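Take a look at the letters that make up each chain.
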Protein chains: 2
Amino acid sequence: MRASRPVVHPVEAAPPAAAAVAAAAVEAGGAHGGENGAQPRGVRMKDPPGAPGTPGGLGLRLVQAFFAAAALAVMAATDDFPSVSAFCYLVAAAILQCLWSLSLAVVDIYALLVKRSLRNPQAVCIFTIGDGITGTLTLGAACASAGITVLIGNDLNICANNHCASFETATAMAFISWFALAPSCVLNFWSMASR
Amino acid sequence: MRASRPVVHPVEAAPPAAAAVAAAAVEAGGAHGGENGAQPRGVRMKDPPGAPGTPGGLGLRLVQAFFAAAALAVMAATDDFPSVSAFCYLVAAAILQCLWSLSLAVVDIYALLVKRSLRNPQAVCIFTIGDGITGTLTLGAACASAGITVLIGNDLNICANNHCASFETATAMAFISWFALAPSCVLNFWSMASR
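Remember, it's a predicted structure, so these values are computed and weren't measured experimentally.

## Quick look at the relation of the copies chain A and chain B
And then number 1: Mapping chain A onto chain B leaves a residual RMSD of 0.0 Å; the transformation is a rotation of 180° accompanied by 0.0 Å of translation along its axis. Read as a symmetry element, the transformation amounts to a two-fold axis.
And then number 2: Mapped onto chain B, 100% of the interface residues of chain A are again interface residues, and the two copies thus contact each other with one and the same surface.

Next up, the structure:
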């Protein structure tokens, strides 16, 4: 059980000196987690950049949500996307991805504001499973849309009758959202497995 | 550094009694890896079923290779798959998946024959990265093919002119291959992170 969960209660409006002490306690709690012997190659990092509850993690979540929302907007702006199942699936997956990433961004903002570590085992487990599911769905939707887009644009050459540019843009946005999700998922799984 | 690598040299044709001792040493080596304190909920298993070097792992690899080969054979048996890029991509991904899974099946067979544990950190790292790459490619190819198949069969209703059954079968085989790959990848990543 390597979760460092300092008991910080900032709702009591601690004075600045006490807040600094609390922050130091957080740091000490983080450092205390490494008592498990020498780690020669830095395998077990404490809250690596991009883990939940860090500014990097918050940035990754916002990037995911932004690009999922962009894919959703670009695809939904075309008038003929409901005629292709894969494009409807992309819209659904982008909505799910956007909601999930925004929820975790809110959790990250909360953790940053109250200086609370998110290395709680249950929370990390939920984050990992959710990241895995949404990541698989987003990748699947992006690949299905890419298959249709390449079929329309390169194999059949009927781009004149279709919104190829919009389809390609939405697919690319979905792929970028997945690329931003992959590090979050890997880091969460890593911290779940190495606790 | 939790890798348990007993020094077993079965090339010297040990008699059965010595082989049993060597097997016991392997077991002891595996048990010795758990000295790191009490694990209340069995988080760190030693060689769980499905890990590389176990019969379950070998079975998973053979299932992956079989279904990837089946997807390849069914798709390549149709005469019009080269006209769709996604189907060509499925063939390429299935070839890669089949080769990768067969290679690791051979490694697993070797490990089982010489009773050698595959918890070497470098080996597990290579297995995890390879599983991640081939898994992503296989899932992408399966999703792209599924998108095209659904487009042909449900959205456009032109199955009369196409080999819809073959396309659907090949796509389903690729998905099954990916479902068999996912546990291998997760277990490898878990043992890489928890060493």
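## Points about the layout of surface pockets
A probe as big as a water molecule, rolled over the atoms, marks out the empty space that is left.
And then number 1: Empty space within the largest pocket amounts to approximately 940 Å³.
And then number 2: Those elements giving two or more residues to the lining of the largest pocket turn out to be α4 (121–155) and α5 (164–193) of chain A together with α4 (121–155) and α5 (164–193) of chain B.
And then number 3: Among the elements that make up the lining of the largest pocket, the one with the highest residue count is α4(A) (eight residues).
And then number 4: Of the residues contributing to the lining of the largest pocket, the split by class is 18 nonpolar, eight polar and two charged.

## Some points on the packing of aromatic side chains
For any pair of aromatic rings, the description rests on two quantities: the centre-to-centre distance and the angle between the ring planes.
And then number 1: Enumeration over the complete set of coordinates arrives at nine aromatic pairs over all chains.
And then number 2: A centroid spacing of 5.7 Å and a plane angle of 65° characterise the contact between W190(A) and F189(B), whose relative ring orientation is edge-to-face. In this pair, W190(A) is assigned in helix α5 and F189(B) in helix α5, connecting two distinct chains. Per residue, the accessibility class of W190(A) equals that of F189(B), and both read buried.
And then number 3: Look at F87(B) and F167(B): their rings are 4.3 Å apart centre to centre, the planes differ by 35°, and that puts the pair in the tilted class. Of this pair, F87(B) sits in helix α3 (residues 85–113) while F167(B) sits in helix α5, and the two are 80 residues apart along the sequence.
And then number 4: For F167(B), a relative accessible area of 2% puts it in the buried group.
And then number 5: Put simply, the rings of F189(A), W190(A), F189(B) and W190(B) pair up and form one aromatic cluster.

## Let's talk about the UniProt feature "transmembrane region" (unreviewed entry) in chain A
And then number 1: Those residues carrying the UniProt feature "transmembrane region" (unreviewed entry) are residues 58–77, 89–113, 125–152 and 172–190 of chain A in this numbering.
And then number 2: Across residues 172–190 of chain A, the secondary structure splits into 100% helix and 0% strand, with the terminal C-alpha atoms separated by 27 Å.

## Re the interface of chain A and chain B
And then number 1: Taken together, the contact pairs 27 residues of chain A with 29 residues of chain B.
And then number 2: Summed over both sides, the interface between chain A and chain B buries roughly 2300 Å², with carbon and sulfur atoms accounting for 63% of that surface.
And then number 3: The largest per-residue losses of area from chain A upon contact with chain B belong to F189(A), W190(A) and A193(A), which jointly make up 20% of the total buried on that side.
And then number 4: Connecting chain A to chain B are two residue pairs in polar contact (both at pLDDT 80 or more).
And then number 5: Elements with a minimum of two residues in the side of chain A that touches chain B: α3 (85–113), α4 and α5 of chain A.
And then number 6: The greatest single-element share of the side of chain A that touches chain B, amounting to 11 residues, is contributed by α4(A).

## Details of the nonpolar core
It is characteristic of soluble globular proteins that their nonpolar side chains tend to be buried jointly.
And then number 1: Counting 44 residues, the largest nonpolar core has M75(A), F87(A), I148(A), M75(B), F87(B) and I148(B) as its most contacted members.
And then number 2: Elements that contribute at least two residues to this core include exactly α2 (55–77), α3, α4 and α5 of chain A together with α2 (55–77), α3, α4 and α5 of chain B.
And then number 3: For F87(A), the contacting residues outside a window of four places in its chain are M75(A), F81(A), S145(A), I148(A), T149(A) and F167(A).
And then number 4: Grouped together as the second largest cluster of nonpolar side chains are 10 residues, F189(A), F189(B), W190(B) and M192(B) included.

## Looking at the confidence of the model for chain A
Residue and element names in this part refer to chain A.
And then number 1: With 76% of its residues at a pLDDT of 70 or more, chain A has an overall mean of 80.
And then number 2: For chain A, helix α1 (residues 16–32) is the element with the lowest average pLDDT, namely 43, and α3 is the one with the highest, namely 94.
And then number 3: Low pLDDT, under 50, characterises residues 7–45; the predicted model gives this stretch 29 contacts beyond four residues in sequence or across chains.
And then number 4: The complex model carries a pTM of 0.75, and its ipTM stands at 0.73.

## A short note on the state of the cysteines
And then number 1: A complete count under the given rule lists two disulfides over all chains for this structure.
And then number 2: Across the disulfide from C159(A) sits C164(A); the S-S distance is 2.0 Å. Taking the sign of the S-S torsion, about -100° here, the bridge from C159(A) to C164(A) comes out left-handed.
And then number 3: C98(A) forms no disulfide, and the closest cysteine sulfur to it belongs to C88(A), at a distance of 18 Å.
And then number 4: A relative accessible area of 13% places C98(A) in the buried class.
And then number 5: Distance from the sulfur of C88(B), which forms no disulfide, to the nearest cysteine sulfur (C143(A)) is 16 Å.

## Quick word on the UniProt feature "domain: Casparian strip membrane protein" (unreviewed entry) in chain A
And then number 1: The UniProt record marks residues 54–180 of chain A with the feature "domain: Casparian strip membrane protein" (unreviewed entry), using the residue numbering of this structure.
And then number 2: In residues 54–180 of chain A, helix accounts for 82% and strand for 0%; the two terminal C-alpha atoms are 15 Å from one another.

## Looking at the side chain of T138(B)
Residue and element names in this part refer to chain B.
And then number 1: Mapped onto the fold, T138 is located in helix α4.
And then number 2: Given a relative accessible area of 5%, T138 falls into the buried group.
And then number 3: Among the polar contacts listed, one links the side chain of T138 to the side chain of Q97, at a separation of 2.8 Å.
And then number 4: If sequence neighbours within four positions are ignored, T138 has contacts with A93, Q97, A174 and W178.

## Structural notes on the environment of F87(B)
And then number 1: With a relative accessible area of 0%, F87(B) lands in the buried category.
And then number 2: Spatially, the C-alpha atoms of F87(B) and T171(B) are 9.2 Å apart, while their sequence positions differ by 84 residues.

## Things to note about the packing of α3(A) against α4(A)
All names here are of chain A.
And then number 1: The contact between α3 and α4 brings their axes to 9 Å, and the two run at 150°. For the element pair α3 / α4, the angle class is roughly antiparallel. Seen from above, α3 lies across α4 with left-handed handedness.

Thresholds applied
For every chain, the first residue of the written sequence is number 1, and numbering continues from 1 along that sequence. Starting at A for chains and at 1 for ligands, labels are handed out in the order in which the entities are written. Selection of residues for local features in this predicted model requires a pLDDT of at least 70, selection of side-chain atom pairs for listing and counting requires 80 or more, and totals for whole chains, interfaces and linings are taken over all residues. Working from all heavy atoms in the structure, the side-chain values ignore hydrogens and water. Least-squares superposition of the copies uses the C-alpha atoms of those residues scoring a pLDDT of at least 70 in each of them. Between two residues, a contact is recorded if the distance between any of their heavy atoms is within 4.5 Å. Residues are said to line a cavity or pocket when one of their atoms sits within 4 Å of a point; the points come from a 1 Å grid over protein atoms alone, cavities being sets where a 1.4 Å probe fits but cannot get out and pockets being open sets with protein on both sides within 12 Å along at least five of seven lines. Grid points are joined across faces, edges and corners, and a volume is the space filled by probe spheres set on the points. Each helix corresponds to a stretch of at least 4 residues labelled H or I by DSSP, and each strand to a stretch of at least 2 residues labelled E; elements are numbered beginning at the N terminus. Charged means Asp, Glu, Lys or Arg here, nonpolar means Ala, Val, Leu, Ile, Met, Phe, Trp, Tyr, Cys or Pro, and polar covers whatever is left, Gly included. The pairing test for Phe, Tyr and Trp rings, Trp by its six-membered ring, is centres within 6.5 Å, and the orientation test on the planes gives stacked under 30 degrees, edge-to-face over 60, and tilted for anything in between. When accessible area is computed with a 1.4 Å probe and restricted to protein chains, residues below 20% of their type maximum are described as buried, those above 50% as exposed, and intermediate ones as partly exposed. UniProt positions are given in the numbering used here, feature names are shortened, and annotations may be inferred rather than shown by experiment. A simple way to read buried area is as the amount of 1.4 Å-probe accessible surface that goes missing from two parts once joined, with both sides added. In protein, a polar contact means a hydrogen-donor-capable atom and an acceptor-capable atom, both N or O and within 3.5 Å, with residues adjacent in sequence counting only if both atoms are side-chain atoms; elsewhere, any N or O pair within 3.5 Å suffices. As used here, the term nonpolar core means buried Ala, Val, Leu, Ile, Met, Phe, Trp, Tyr and Cys residues forming a set that is joined through side-chain atoms within 4.5 Å. The predictor attaches a confidence to each residue, and that confidence, scored 0 to 100, is pLDDT. Pairs of cysteine sulfur atoms within 2.5 Å are identified as disulfides in what follows. Angles here are taken between N-to-C directions and fall from 0 to 180 degrees, while the axes themselves are lines fitted to C-alpha atoms, restricted in helices to the stretch in contact. Note on terminology: angles under 35 degrees are roughly parallel, angles over 145 are roughly antiparallel, angles of 65 to 115 are roughly perpendicular, and the others are oblique. Helix crossings are classified by the rotation of the near helix relative to the far one: an anticlockwise turn of less than a right angle makes the crossing left-handed, while a clockwise turn makes it right-handed.

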